[in-house]
Amino acid sequence: MTEPAWCPGCGNFGILSAFNAATEEAGLKPHQFTIVSGIGQAAKFPHYLQCNTFNGLHGRTLPVATGIRLANHEMTVIAVAGDGDCYGEGGNHLIHAMRRNVNIKLFVHDNRVYGLTKGQASPTTAEGTKTKNQPFGVFSEELNPMALGVALDCSFVARGYAGDKDHLKNLMKDALNHNGFAFVDILQPCVSFNKVNTYQWYGERVYHLEPEYDPGDRVKAFERSLEWGERIPLGIIYRKSRPVYEKRIPVIKEIPLIRRPFIPPDTDAILKEFY
Ligand SMILES: Cc1ncc(C[n+]2csc(CCOP(=O)(O)OP(=O)(O)O)c2C)c(N)n1
Ligand code: SF4
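Residues numbered from 1 in each chain as written. Chains lettered and ligands numbered in written order. Predicted model: local features only at pLDDT ≥ 70, side-chain atom pairs only at ≥ 80, totals over all residues.

Caption draft 1: Focus on the overall build of the protein chain. Tallying secondary structure elements over the protein chain gives ten helices and eight strands in all. The proportion of buried residues among the 275 residues of the protein chain is 41%. (Helix = DSSP H or I, 4+ residues; strand = E, 2+ residues; numbered from the N terminus. Buried ≥ 20, exposed ≤ 12 C-beta atoms within 10 Å, placed from the backbone.)

Next comes the structure, spelled out in structure tokens:
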């Protein structure tokens, strides 16, 4: 565990402290979970914790997390990624993890820029935003992660905010307790490279979904997922109970792979079949 190398004021600090409180309140001990991350500012997250971790390639967080979960579904598996990492380089993996309902928890630190490489546009950067790499402004429309999750029938789709730690802690706890793929997009101010989506900007717009809001209504969830701009909803936008992937695979559904005895195959006998 080392001192965080993030800029003072970075939204990642709020996410780290919400996560620590969430795991403590959920009674999750460090040996009971593994954090998988890739490359980026967000991906440094497990470096500042004491837990099992796998730090891999940019955009490849979800395939590794899927492998760990399928090998040992007694382990809580958490994937942490930036918006570039998860929606750009790793976008195809996100689609399939949601579709399969792999039982992992995904926390996306969505600062709406590529932070580590100094502020290029990411898939969630607003159309028209000028950066050093996009001097004429971004030409493409931004990705809407919440609408993507609802459209793919993802079993848990939520939005948190790094500047609202208590609410984020509760969302993270709900995600950790959810049986299935839990997707939390976390609005994260990047004080160095995103001068648009600041703490003040979010503070004027975010609101909590009303207590009577029903996250089980997919059509209403889709409507809420489209809300962005003057008002930005925080909370569980969509939730649905669906069979988890590990329970659909015959060889592991009763007993995790790691608990099966290892019986090495008789390679000589196999090779003889080809003689
Ligand atoms: C395949 C690949 N492409 C590009 C890079 C360079 N790279 C490293 S970090 C990064 C940006 C990370 O941005 P994001 O995932 O949004 O996370 P943040 O740093 O903003 O938390 C890029 C483009 C890389 N390491 N690997
Ligand atoms: S560059 Fe942005 S995301 Fe990276 S540590 Fe600094 S404030 Fe945080």
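Caption draft 2: Representation of the packing of helix α1 (residues 12-25) against helix α6 (residues 165-177) in the model. It is the contact of α1 with α6, at a shortest axis distance of 8 Å, that shows an interaxial angle of 50°. Between α1 and α6, the angle is such that the two are oblique. For the crossing formed where α1 meets α6, the hand is right-handed. Contacts between α1 and α6 involve Gly14, Ile15, Ser17, Ala18, Phe19, Ala21, Ala22 and Glu25 on the former and, on the latter, Lys165, Leu168, Lys169, Met172, Lys173 and Leu176. When grouped by side-chain class, the residues that make up the contact of α1 with α6 number eight nonpolar, two polar and four charged. (Axes fitted to C-alpha atoms, helices over the stretch in contact; angles between N-to-C directions. Parallel < 35°, antiparallel > 145°, perpendicular 65-115°, else oblique. Left-handed = near helix turned anticlockwise from the far one by under 90°. Contact = placed C-beta atoms within 7 Å. Nonpolar A, V, L, I, M, F, W, Y, C, P; charged D, E, K, R; others polar.)

Caption draft 3: Broad picture of the environment of Lys173. Along the chain, the position of Lys173 falls in helix α6. Between the C-alpha atom of Lys173 and that of Glu25, which follows or precedes it by 148 residues, the distance is 7.7 Å. Apart from the residues lying within four places of it in its own chain, the contact partners of Lys173 are Ala22, Glu25 and Ala26.

Caption draft 4: The arrangement of the site of ligand 2 in detail. Near ligand 2, the surroundings consist of Trp6, Cys7, Cys10, Asn12, Gln41, Asn111, Gly115, Cys190, Val191, Ser192 and Phe193. Looking at side-chain class alone, the shell around ligand 2 contains six nonpolar, five polar and no charged residues. (Near = placed C-beta within 6 Å.)

Caption draft 5: Structural detail: the site of ligand 1. With respect to spatial proximity, 19 residues lie near ligand 1, and among them Gly40, Gly82, Gly84, Asp85 and Gly115 are the closest. At four residues, the largest contribution of residues to the shell around ligand 1 is made by helix α3 (residues 83-89). In the shell around ligand 1, the residues fall into five nonpolar, eleven polar and three charged.

Caption draft 6: Just the packing of helix α2 (residues 61-71) against helix α4 (residues 91-100), in detail. Two elements in contact, α2 and α4, have axes whose closest approach is 8 Å; the angle formed by their N-to-C orientations is 35°. On α4, the residues touching Leu62, Pro63 and Thr66 of α2 are His93, Leu94 and Ala97. Here the contact of α2 with α4 is composed, by residue class, of four nonpolar, two polar and no charged.

Caption draft 7: Focus on the sheet that holds strand β5 (residues 156-161). Reading across from one edge, β2-β1-β3-β4-β6-β5-β8-β7 is the order of the eight strands in this open sheet, with mixed pairing throughout. One side of each edge strand has no neighbouring strand; the edge strands of this open sheet are β2 (52-55) and β7 (206-208). Strand-to-strand, the axes of this sheet are offset by a mean angle of 25°, without reference to chain direction. Here strand β1 (residues 33-37) runs beside strand β3 (residues 76-82); their pairing, made up of five bridges, is parallel. Considered in β3, the bridge of Ser37 is made with Val80. (Pairing = 2+ DSSP bridges.)

Keep in mind that these numbers describe shape and distance, not what the molecule does.
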